[in-house]
Amino acid sequence: MFTGIIEELGTVVGIDELGDSARLAIRGAIVASDAAHGDSISVNGVCLTVVDNADGVFTADVMGETLKRSTLGSLRAGAAVNLERAATVATRLGGHIVQGHVDGVGSVLSREAGDQWETVTFSLPEGLSRYVVEKGSITVDGISLTVTAVTDDTFSVGLIPTTLKLTTLGAKGVGERVNLEVDIMAKYVEKLLGKARQS
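Residues numbered from 1 in each chain as written. Predicted model: local features only at pLDDT ≥ 70, side-chain atom pairs only at ≥ 80, totals over all residues. Heavy atoms only, no water.

**Q** It is not clear to me how the overall build of the protein chain should be interpreted in this structure. Could you clarify?
**A** Within the protein chain, the secondary structure is distributed over four helices and twelve strands. Scaling as 2.2 N^0.38, a compact globule of 199 residues should have a C-alpha radius of gyration of about 16 Å, and the protein chain matches this with 17 Å. On the principal axes, the C-alpha backbone points of the protein chain span a range of 50 × 50 × 40 Å. Within the protein chain, residue pairs in contact and separated by at least 24 positions form 69% of the contacts whose partners lie at least 6 positions apart. Carbon and sulfur atoms make up 52% of the accessible area of the protein chain, which amounts to about 10300 Å² in all. Considering the protein chain, the positive charge centre built from 17 side chains and the negative charge centre built from 25 side chains are found 4 Å apart. (Helix = DSSP H or I, 4+ residues; strand = E, 2+ residues; numbered from the N terminus. Rg over C-alpha atoms; globule rule 2.2 N^0.38 Å. Contact = heavy atoms within 4.5 Å. Areas by Shrake-Rupley, 256 points an atom, 1.4 Å probe, with all protein chains shown as cover. Lys, Arg positive; Asp, Glu negative; His and termini not counted. Charge placed at Lys NZ, Arg CZ, Asp CG, Glu CD.)

In structure tokens, the structure reads:
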């Protein structure tokens, strides 16, 4: 489990293509400082398992399904990535409950700069809008954000200077793709209500 509060911007330093999977090598001094084999680290919102860790670089395997259903398949050496270690029982829940399971891939539709912040609008894949509500939470490339507006196929968020500076969203251009994870609570509520109606 994660909170969607990015700890650092890491850098992809290597990608080994392994047929229907890949092994990523990512430099991230903070998240790698105490990472051990088997630990979970969120990379652009995708929960990956640490295989090895040395000199501030950790490696993680990514199976074909994840490469196809997220933006990790388009990463190249030198790319910046949002990193967060798994939460502990002592972690402050500054964002919201994030699983690191991508529900869909959206893209940046527009950016509107304000005096100190920026409004960014993203496309919303079919079937996800029912889980997204104004003032609710959504995860974009691993970042816990508050929804400011939502339609059947788009949603908007406001990005403060800290988010613009310390995450990949500060440099994402129109048309670039992002990993999306909706609030897991909404999914559970939907399932429970569906079962209640059937009984």
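**Q** Honestly, the side chain of S70 in this entry has me stumped. Any pointers?
**A** Turning to its location among the elements, S70 is positioned in the loop between α2 (64-69) and β6 (80-85). Of the polar contacts made by the side chain of S70, one reaches the backbone oxygen of T66; its length is 2.7 Å. A polar contact of 3.2 Å, which involves the side chain of S70, links it to the backbone nitrogen of L72. In contact with S70, not counting residues within four places along its chain, are V46, V102, V105, R177 and N179. (Polar contact = N/O pair within 3.5 Å; in protein donor to acceptor, adjacent residues only side chain to side chain.)

**Q** Before we go on, may I ask you to explain a nonpolar patch on the surface in this structure?
**A** Judged by side-chain polarity, M185, Y188 and L192 come together as a nonpolar surface patch covering roughly 340 Å² of accessible area. Structurally, the position occupied by Y188 is in helix α4 (residues 184-198). For Y188, a relative accessible area of 48% puts it in the partly exposed group. (Patch = residues over 30% accessible without salt bridge, like charges linked within 9 Å, V, L, I, M, F, W, Y side chains within 5 Å. Salt bridge = Lys/Arg side-chain N within 4 Å of Asp/Glu carboxyl O. Buried < 20%, exposed > 50% of the residue type's maximum accessible area, 1.4 Å probe, protein only.)

**Q** Would you mind going over the sheet that holds strand β9 (residues 137-140) with me for this structure?
**A** Within a sheet, adjacent strands bond to each other through the backbone by hydrogen bonds, running parallel or antiparallel. Strand order in this closed barrel of six strands is β7-β8-β11-β10-β9-β12, and the pairing throughout is antiparallel. Neighbouring strand axes in the sheet, compared pairwise and without regard to direction, differ in orientation by 45° on average. Judged from the four bridges that link them, strand β7 (residues 104-113) and strand β12 (residues 177-182) form a sheet pairing that is antiparallel. Bridging across to β12, S107 finds its partner in R177. (Pairing = 2+ DSSP bridges. Axes fitted to C-alpha atoms, helices over the stretch in contact; angles between N-to-C directions.)

Note that every value here comes from positions in space, so none of it alone points to a role or purpose.
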